[in-house]
Amino acid sequence: MAEQREPTHQMVPTYSDLIVLVPTRDDSRLLLIEQIPPWVAKWVGKTPREIEGEPIGGVAGEITEALAAVGDDVFNDGLPIEDYCIEFHDAMGNERAAVVSAQRVEDYRPAPISRASARGPETCRAVLIRVQDASDSVRQRRRALGIGQFHGLVGRSRPMLEVFHKIEVYGPTDASVIITGETGTGKELVARALHERSVRRDKPFVAVNCTALSEELFESELFGHERGAFTGALRSHKGRFERADKGTLFLDEIGDMSSRTQAKLLRTLEQGTIERVGGEQEQRVDVRILAATNMSLEQMVAVRRFRADLYHRLSVFRIHVPPLRERPGDLSLLVEHYLRLIGERYGRPDVRLTPDAMRLLSEYHWPGNVRELRNVLERVFVETRGQVIGRNAFNEWVRERDYLSAGGWNVERLELQRSAAPIILGPAGSGEETGGGGRESRASGMGFGGPGLSDAQPLYPTPPAPYPLALSREAFAPAGGATIDAVYSVEHPPSRKPRDLTAESIRQAFAEAGGNATQAARLLGVHKATLYRHLKALGLKRKDLESVGAPTADPRPEPSDESDPSDRSDPSDRAEP
Amino acid sequence: MSDEIERLIHSHRGMVVVQLTEPILDAAQEMDWVATEIREWRSDVQVVRAEFSLHRDWARHYRVHGSPCTLVFREGELRLRVKGRFGRAHLRAALERAGLLDP
């Protein structure tokens, strides 16, 4: 057995996959990195020279944390470790796996030039850790077993695992479930998964979107109608309730249902019967109701836009599907999943993103969630010829996002990168993913002003304008080779991470913006349309807010997106009332 | 989900052995029999088998970052942690060293 082996009394050869940990002279429990292979150091974003001689526990990184725990166990207990598989994220955020074996040696003699040996004794006890990169094989096995997928839902993050767990628990019950979550998070997939897990799985799953039809049509669609019930009702029609009998009815966007239909739905749920439009007989139906919304039903109940009794009848269980920005760990899994699906559809398997492109995607807030991710991946997939999709493939999309969703990018992270990493510019428009620092600088300049940006040189030549608005950018280009990035920074003042849009924060933003909705949206770090949606949901009147923040004299008209570009030349003017 | 393991660790009077495995690992298949071995040596053992990827955060709290790994608790406290693939003799030695086979 492994533990019966004799201790290894030998000099450590410089194996390329071997990590050597030695204790310090003064604190023998603290393990220093004596030797580390360059490819392992790269996982924590360092070179061996940078971390050799440092305590392994003090080097930031998921893999070093795991290796420190392995080192401590082996050093203290003396029992070797074999085939221990560690899964972790590297410094670039990529999912990786390493198989580790470790053992203690009693008389290790450090190399004379070692930084760690300068602090240690001539010979000492040491831990040898052999590391093998198993990222590819683990990924392939996971793929083969479909791990990370649950009824079409993809994720391995804690919030998603909780969703899977709730589906498992709530699925077999017959109770109603409210599924909440932003648009594009996969609420219908959750509903389908609940149906698949229920005893009704062999019966119909019928979905209906409450926003898609007018009120009159919706009632007819939901409950059916008799022939001649209204003009054009040439024959009797089975409603969705009847079609879902013994199965599941999924009501999507239930927050948009009219109060009259809400009352009728409540009656149906309580009595278990329906009455067709124009009909005279009640019909018994056995349907499990699942409902989804991206609104806060509680707030809608509070402002009497949703019936409290219906809310309590429906919300026996609740599942919240997290937005993509709250589960960044799932991004690579989702990218891999969708690239595989898209690759199968277009007959180009094994297309992948470069780490740089992955990092770009991880910097985005994904307001459209998984649906938006899937669409952008399909777009760049079609537009790219090669097997590897680099960061430059996303340039046009980045420009569009920059313009359309001011709060879309993870500002804090970009700011951090901007301050931490020097801006090194790559060759303009090379289109190659060579791992240089040029793309770094492009990320830093994505739609944000701030220190340092105005010094940036153009990474690529002036691009063809995707929108009429872009034409106006040239008009503001300062003389002497201004860059598109710099002009962006003039047009879009530094955005903020979207604040929680409460009534109070919105009022405050309007007050700060002098009643200007566009400016208030910018201050809140959201698009104007998002702000209007929240105003509606919170029952706030735009007129009231504008009057609160409006200047007492010389009020300026609110600039619209279609207004003269020259209105945008100095955003600070608009910020001041 | 990890709460259930934690509850068991604190409620069971004897020894609780938590075996963290991963279905994708060959090593995990070989570890199946280990629980039976422990029962041969001690009768008051409660064995829990859990998928590592579902209990990452919980495992990290006990300085476990991978699988397979076996954690032995007694009276709610972690008494032994054996990482990687191991055999009967290795496990017995580890249990003895930790004083977990004493009556």
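Residues numbered from 1 in each chain as written. Chains lettered and ligands numbered in written order. Predicted model: local features only at pLDDT ≥ 70, side-chain atom pairs only at ≥ 80, totals over all residues.

Chemist: So what's going on with the overall build of chain A? Which residues, and what values?
Modeler: Check the secondary structure of chain A and you find 24 helices and 16 strands. When burial is assessed residue by residue, chain A has 37% of its 577 residues classed as buried. By sequence separation, contacts in chain A at least 24 residues apart represent 69% of the contacts at least 6 residues apart. (Helix = DSSP H or I, 4+ residues; strand = E, 2+ residues; numbered from the N terminus. Buried ≥ 20, exposed ≤ 12 C-beta atoms within 10 Å, placed from the backbone. Contact = placed C-beta atoms within 7 Å.)

Chemist: Tell me about the overall build of chain B, residues and numbers included.
Modeler: Counting its regular elements, chain B contains 5 helices and 5 strands. For chain B, the α and β elements follow one another from N to C terminus as α-β-α-α-β-α-β-β-β-α. Out of the 103 residues in chain B, the part that is buried amounts to 36%. In chain B, once contacts between residues fewer than 6 apart in sequence are set aside, the share between residues at least 24 apart is 64%.

Chemist: I'd like a rundown of the pairing of strand E2 (residues 31-35) of chain A, residues and numbers included.
Modeler: All names here are of chain A. Most of E2 sits out of view: 5 of its 5 residues are buried. Both strand E1 (residues 18-23) and E2 contribute to a ladder of 4 bridges, which runs antiparallel. Bridge pairing in E2 links Val22 to Leu32. (Pairing = 2+ DSSP bridges.)

Chemist: Outline helix H9 (residues 259-271) of chain A, supporting the account with residue identities and numerical values.
Modeler: Residue and element names in this part refer to chain A. Across its 13 residues, H9 extends 18 Å between first and last C-alpha, which sits within 8% of the 18 Å expected from 1.5 Å per residue. Residues of H9 that are buried include every one of Thr261, Leu265 and Thr268, and no others. All buried residues of H9 fall inside an arc of 60° around its axis, so they share one side. For H9, the exposed residues lying more than 90 degrees away from the buried face are Arg260, Glu270 and Gln271. (Expected span 1.5 Å × (residues − 1). Arc of directions from axis to C-beta.)

Chemist: Talk me through the sheet that holds E1 of chain A; I want residue IDs and the actual numbers.
Modeler: Taken in spatial order, the 6 strands of this open sheet run E2(A)-E1(A)-E5(A)-E4(A)-E3(A)-E3(B), and their pairing is antiparallel. Two strands close off the open sheet at either side, each with one partner strand: E2 of chain A together with strand E3 (66-67) of chain B. The pairing of strand E3 (residues 81-89) of chain A with strand E4 (residues 95-108) of chain A spans 7 bridges and is antiparallel. Bridge pairing links Tyr84 of chain A to Val100 of chain A in E4 of chain A. Contacting E1, E2, E3, E4 and strand E5 (124-133) of chain A together with E3 of chain B, helix H3 (residues 62-77) of chain A crosses the sheet at an angle of about 155° to E3 of chain A. (Axes fitted to C-alpha atoms, helices over the stretch in contact; angles between N-to-C directions.)

Chemist: Can you lay out the environment of Glu226 of chain A for me, pointing to particular residues and giving the numbers?
Modeler: Residue and element names in this part refer to chain A. Tracing the sequence through the fold places Glu226 in the loop between helix H7 (215-223) and helix H8 (240-243). Since 18 C-beta atoms lie within 10 Å of it, Glu226 is described here as partly exposed. Sequence separation of Glu226 and Lys238 is 12 residues, and the distance between their C-alpha atoms is 8.7 Å. For Glu226, the residues in contact, after removing those within four places along its chain, are Ser236, Arg276, Gly278 and Gly279.

Chemist: Explain the confidence of the model for chain B to me, using residue names and the numbers behind them.
Modeler: Residue and element names in this part refer to chain B. Across chain B, the average pLDDT comes to 81, with 84% of residues at or above 70. Element-level mean pLDDT values for chain B span from 53 in helix H2 (residues 26-30) up to 92 in strand E5 (residues 77-83). Interface confidence in the predicted complex, given as ipTM, is 0.92; pTM for the same model is 0.48. (pLDDT = per-residue confidence, 0-100.)

Chemist: Break down the sheet that holds strand E10 (residues 248-252) of chain A for me, citing the residues and quoting the values.
Modeler: Residue and element names in this part refer to chain A. Here 5 strands make up an open sheet; going across it, the order is E9-E10-E13-E8-E14 and the pairing parallel. Of all the strands in the sheet, just strand E9 (205-209) and strand E14 (317-320) have a single pairing partner and so form its edges. Geometrically, the sheet is characterised by an average inter-axis angle of 20° between neighbouring strands, direction not taken into account. Strand direction decides the pairing type here: strand E8 (residues 177-180) and E14, joined by 4 bridges, are parallel. Looking across to E14, one finds that Thr180 is bridged to His320.

Chemist: Could you give an account of the nonpolar core, naming the residues involved and the relevant values?
Modeler: Residues and elements named next belong to chain A. Leu21, Val70, Ile86, Val100 and Ile129 are the most contacted members of the largest nonpolar core, which has 59 residues in total. The dominant element in this core, judged by the number of residues it contributes, is H3, at 7 residues. Leave out the neighbours within four places in its chain, and Leu21 touches Leu31, Leu32, Ile33, Glu34, Ile56, Gly71, Ala126, Val127 and Ile129. In this structure, Met160, Val208, Met257 and Ile274 belong to the second largest nonpolar core, which totals 40 residues. (Core = buried A, V, L, I, M, F, W, Y, C linked by C-beta atoms within 7 Å.)

Chemist: Can you lay out unusual backbone geometry for me, pointing to particular residues and giving the numbers?
Modeler: With omega at -5°, the peptide bond leading from Ser67 of chain B into Pro68 of chain B counts as cis. Relative to the elements of secondary structure, Pro68 of chain B occurs in the loop between E3 and strand E4 (69-74). Residues other than glycine seldom take positive phi values, yet Asp83 of chain A does so here, at roughly 50°.

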